[in-house]
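# Per-entry structural report
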Amino acid sequence: MKRLKVIGLTGGIGSGKSTVCGLLAEHHAAIIDTDQIAREVVQPHSEGLRQVIAEFGQDYLTEQGELDRAKLRATIFADPTQKQRLEAILHPLIRQTMLAEIETCQQRWQQGEPIAAIVVAIPLLVETLQGEKPDYLDEIWVVDCDEATQLTRASQRDGQTAAQIQAIIQQQASRQQRLHWADRIIDNNGDQQALQQQLSEHLPEWFMFDNAA
Ligand code: ATP
């Protein structure tokens, strides 16, 4: 059966992933945001929250019954083993939800909805690859800009210092590592208008998918 192309969109902090997703949506892509899914899987009363609390303890619940993200973030930042314990719970849940959302988009398209492609935004895609492109993705698209631009845009947006953003950049995959995996590179060194023009020019070709098999 014919299906839509599934694109994994990635890029470093402040590279412009959200901005690009907004523009891709205007070009009729269906956007699946894995950051949003990561929040949804630990909503109050969810199976994810139940598992996290069973593993880490009641101390990680706020008085409102929500996950105390700041406390959990501090715990996993200080201890990689704890980070692994958390990821062992969350990653399968996020993956399951993401695959279900991809399938829903495919079905909506097969029923006639005008969707051009499915774009899954995965900020840490390259960091979590295990030597090969995940089988649920047809292509990897990288939003790319130089580090100085990343620093300026991210610190202006978040009100953080250049040093704070730099520390995050150091923890992420390098620009070269990301570009190594790129089937398409979206160049976001220019202004918003240049970005729009680039996408308008290339998307008709980039969204095409020969899937007659
Ligand atoms: P993060 O991973 O940190 O969430 P991101 O990759 O989603 O970031 P955006 O939030 O899209 O990046 O962009 C970072 C900031 O840079 C935003 O304030 C956005 O408006 C701005 N920005 C993005 N692209 C451009 C551009 N071409 N020209 C000027 N500003 C831009």
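Residues numbered from 1 in each chain as written. Predicted model: local features only at pLDDT ≥ 70, side-chain atom pairs only at ≥ 80, totals over all residues. Heavy atoms only, no water.

### Some details on the packing of helix H4 (residues 69-78) against helix H5 (residues 80-110)
Definition in use: Fitting a line to C-alpha atoms yields each axis, with helices limited to the stretch in contact; the angle taken between N-to-C directions then spans 0 to 180 degrees. Elements are defined by DSSP. Helices are runs of H or I of four residues or more, strands are runs of E of two residues or more, and each kind is numbered from the N terminus. By the definition adopted for this analysis, an angle is roughly parallel if under 35 degrees, roughly antiparallel if over 145, roughly perpendicular if from 65 to 115, and oblique otherwise. The contact criterion used is simple: two residues touch if any of their non-hydrogen atoms lie within 4.5 Å. Classes in brief: Ala, Val, Leu, Ile, Met, Phe, Trp, Tyr, Cys and Pro nonpolar; Asp, Glu, Lys and Arg charged; the others, Gly included, polar.
Direction vectors running N to C along H4 and H5 enclose 125 degrees, while the axes themselves pass 5 Å from each other. One way to sum up the angle between H4 and H5 is to call them oblique. For the pair H4 and H5, the contacting residues are Leu 72, Thr 75, Ile 76 and Ala 78 in the first and Pro 80, Gln 82, Lys 83 and Leu 86 in the second. The residue inventory of the contact of H4 with H5, partitioned by class, reads five nonpolar, two polar and one charged.

### Comments concerning the pairing of strand E1 (residues 6-10)
Going by this rule: Burial classification: accessible surface area is computed with a 1.4 Å probe over protein chains only, and a residue below 20% of its type maximum counts as buried, one above 50% as exposed, and the rest as partly exposed. For two strands to pair, DSSP has to find at least two bridges joining them.
Counting buried positions over the five residues of E1 gives five, a clear majority of the element. Here E1 shows no split at all, with Val 6, Gly 8 and Thr 10 on one side and Ile 7 and Leu 9 on the other all buried. With four bridges joining them, E1 and strand E3 (residues 117-121) adopt parallel strand pairing. Looking across to E3, one finds that Gly 8 is bridged to Val 120. Here E1 runs beside strand E4 (residues 139-144); their pairing, made up of four bridges, is parallel. The partner of Thr 10 across the bridge, within E4, is Val 142.

### Some words on the domain arrangement of the protein
Note the following rule: For each domain, the first and last residues come from an automatic or database assignment. By buried area we mean the combined loss of accessible area, with a 1.4 Å probe, across both parts when two parts are placed together. N or O atoms closer than or at 3.5 Å make up a polar contact, with two conditions inside protein: a donor-capable atom paired with an acceptor-capable one, and, for residues adjacent in sequence, both atoms drawn from side chains.
By domain assignment, the protein separates into domain 1 (1-28 + 116-203) and domain 2 (37-115). Relative placement of domain 1 and domain 2: their C-alpha centres are 22 Å apart. On the side of domain 2, eleven residues touch domain 1, which itself brings 13 residues to the contact. Three residues, Leu 4, Ile 118 and Tyr 136, lead the burial of domain 1 against domain 2; their summed loss comes to 44% of the area buried on that side. At the boundary of domain 1 with domain 2, the tally comes to two residue pairs in polar contact (both at pLDDT 80 or more). The biggest single contributor to the side of domain 1 that touches domain 2 is E3, with three residues. Grouping the constituent residues of the side of domain 1 that touches domain 2 by class yields eight nonpolar, two polar and three charged.

### What to know about the nonpolar core
To keep things clear, this is the line we draw: What makes a nonpolar core is a set of buried Ala, Val, Leu, Ile, Met, Phe, Trp, Tyr and Cys residues whose side-chain atoms join them at distances within 4.5 Å.
Membership of the largest hydrophobic core comes to 35 residues, with the highest contact counts inside it found for Ile 32, Val 52, Leu 90, Ile 102, Ile 118 and Val 120. Looking at this core, the elements with two or more residues in it are strand E2 (29-33), helix H3 (47-56), H4, H5, E3, helix H6 (125-128) and E4. Top element by residues in this core is H5. It accounts for eight residues. When we break this core down by domain, the ones giving at least three residues each are domain 1 (1-28 + 116-203) and domain 2 (37-115). If sequence neighbours within four positions are ignored, Ile 32 has contacts with Ile 37, Met 98, Glu 101, Ile 102, Cys 105, Ile 118, Val 119, Val 120 and Ala 121.

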